[in-house]
There are 2 protein chains.
Amino acid sequence: MTKPATAPRRSDATKAAILVAARERFAADGYERATIRAIARDANIDPSMVMRYYGNKEGLFVAASAIDLRLPQLGALPGKHVGSVLVAHFLDRWENDDVLTAMLRVGVTNEAGAERMRAVFAEQIGAVTAGVCPVPAEAPHRAALVAAQILGMALTRYVLRFGPAVEMPRDEVIAWLAPTVQRYLTAETP
Amino acid sequence: MTKPATAPRRSDATKAAILVAARERFAADGYERATIRAIARDANIDPSMVMRYYGNKEGLFVAASAIDLRLPQLGALPGKHVGSVLVAHFLDRWENDDVLTAMLRVGVTNEAGAERMRAVFAEQIGAVTAGVCPVPAEAPHRAALVAAQILGMALTRYVLRFGPAVEMPRDEVIAWLAPTVQRYLTAETP
DNA sequence: CTGGCATGTCAACGGTCGTTGGCCTACATT
DNA sequence: AATGTAGGCCAACGACCGTTGACATGCCAG
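Chain A goes by Transcriptional regulator, TetR family in an unreviewed UniProt entry, where it is assigned to Streptomyces atratus.

Asker: Can you walk me through the overall build of chain A in this structure?
Answerer: Scanning chain A from N- to C-terminus turns up 10 helices and zero strands. The dimensions of chain A, computed from C-alpha atoms along their principal axes, are 55 × 50 × 30 Å. Looking at chain A as a whole, 50% of its 190 residues are labelled buried. Long-range pairs, those at least 24 residues apart, make up 67% of the contacts in chain A with a sequence separation of at least 6. Put simply, chain A shows about 9,000 Å² of open surface, and 53% of that area lies on carbon and sulfur atoms. For chain A, the distance from the average site of its 22 positive side-chain charges to the average site of its 20 negative ones is 6 Å.

Asker: Is there a simple way to explain the protein's contact with DNA strand C in this structure?
Answerer: For DNA strand C, the set of nearby residues contains 18 residues, the closest of which are R37(A), K57(A), S11(B), T14(B) and R52(B). Among atoms of DNA strand C positioned within 4 Å of the protein, sugar and phosphate together represent 52%. In the environment of DNA strand C, a phosphate oxygen lies 3.0 Å from a nitrogen or oxygen atom belonging to the backbone of I36(A). One of the backbone N or O atoms of D46(B) is found 3.0 Å from a phosphate oxygen in DNA strand C. Per-element accounting of the surface near DNA strand C gives the leading share, four residues, to helix α3 (residues 47-54) of chain B. Classifying every residue of the surface near DNA strand C gives five nonpolar, six polar and seven charged.

Asker: Explain the relation of the copies chain A and chain B to me, please; I cannot follow it from the model alone.
Answerer: For the pair of chain copies, the relating transformation is a rotation about an axis with a translation along it. With an RMSD of 0.1 Å, chain A superimposes on chain B once it is rotated by 180° and translated 0.0 Å along the axis. This pairing of chains is accounted for by a two-fold axis. Within chain A, G152(A) has its C-alpha nearest the rotation axis, a separation of 1.8 Å. The overlap is high: 100% of the interface residues of chain A also sit at the interface in chain B, so the same surface is used on both sides.

Parameters and conventions
- Along every chain, residues carry numbers that run from 1 in the direction the sequence is written.
- Written order determines the labels here, with chains lettered from A and ligands numbered from 1.
- Confidence filtering applies because this is a predicted model: local features only for residues at pLDDT of at least 70, side-chain atom pairs given and counted only at 80 or more, and all residues used for totals across whole chains, interfaces and linings.
- With hydrogens and water set aside, each side-chain value is computed from the structure's full complement of heavy atoms.
- Runs of E in the DSSP output that reach at least two residues are strands. Runs of H or I that reach at least four are helices, and both are numbered from the N terminus.
- Accessibility here uses a 1.4 Å probe with only protein chains present; expressed as a share of the type maximum, an area under 20% marks a residue as buried, one over 50% as exposed, and anything in between as partly exposed.
- The contact criterion used throughout is that any non-hydrogen atoms of two residues lie within 4.5 Å.
- Computed with the Shrake-Rupley method and a 1.4 Å probe, the accessible areas treat only the protein chains shown as cover for residues.
- In summary, the charge assignment counts Lys and Arg as positive and Asp and Glu as negative, without counting His or the chain termini.
- We put the charge of a Lys on NZ, of an Arg on CZ, of an Asp on CG and of a Glu on CD.
- Note on definitions. A residue lies near a molecule or strand when any single heavy atom of the residue is within 4 Å of it.
- Polar contacts, as used here, are pairs of N or O atoms within 3.5 Å; protein pairs need one atom able to donate a hydrogen and one able to accept it. Residues neighboring in sequence count only if both atoms are side-chain atoms.
- Only Asp, Glu, Lys and Arg are considered charged in this grouping, and only Ala, Val, Leu, Ile, Met, Phe, Trp, Tyr, Cys and Pro are considered nonpolar; every other residue, Gly among them, is considered polar.
- The superposition of copies rests on a least-squares fit of C-alpha positions from residues with pLDDT of 70 or more in both.

Listed below in structure tokens is the structure:
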């Protein structure tokens, strides 16, 4: 039962190499400046291969930006530590997954990227907030506040690279942001 | 003494029109997709005029993105309201000045834009934090935290346009963010 | 009136991009 | 071994970009 339904094709490695290169380029350069030619060069293949396997540039971006935030199930955790767990989790994800930076860089100047980002955050963060915030109807609301704080730190630390935000040790970032996220999730509406 | 040293030239109106169009385009499209041709079309002139007056595209961006956050002097204000005053001020600025959105959109995919943004926030927010945070040496530190929260909200509300972040009334945004900013500015280090 | 400078238009250059179609090669099946 | 097909390369197209230089027009000083 572990065997795939279809035999692995020889081109699978090429497709995967294209995706890896695409993620790096989108993360580093954003949508416009990440050219198909550069991505193909990184993957050591011809640009026309990208078209064959992904149709066009937007199809490539869609394929390269499948995102799973891998948010933990917070329901069973001690309610008071939700903030720090979430912040720590996002720092890890951001430092180990080019896709998140790519999504952020692309979403800012590309409507399709922005739409993808809205969907990811609404679904995945929304699902978490729905489980922990006092009034379930406010979940999207709370999710937006959390997203603003998390994305703001990702922006300053990993994209814009403000000196102080980059140099701040991981523990310190968590110590400062955790109470904020905690409050956005669980506090009574002010 | 109110007269300028040089007589106003007839081209001043054109130069200004170019800047207005450039700010709108950079704010709406980011650096790459904001083409000189489109900016010139908006300003009802020939693209070569842009080159004549601003040298090249980067020169145009530099001229179009002179930023003054107009941060109030907080020293004389009641220390406890600093957070809400700052948040309210930034919401106003962001809703009434294309340059801020332009800076954000450009800074994410353009190194020169990022550098400009780092300078603006370090100088202007840093100056404010230096006046109100308990340990002056921590001012850049605190400024980075404030910037992360403010930029995160600007990103979700004005650029990515997350539904809940857009629909949240202004007062509510202030009520939620003010305590956060207040804490980043004045709390003891956690 | 006339010359010179500021203002603006027009056409084109070289370059890069996304994208396409034809051609070659190597493997798997028969 | 023959052959069909998937995988891959190459050259080119048309579009658009930033940028340039030649040329027309208006304005003002002499």
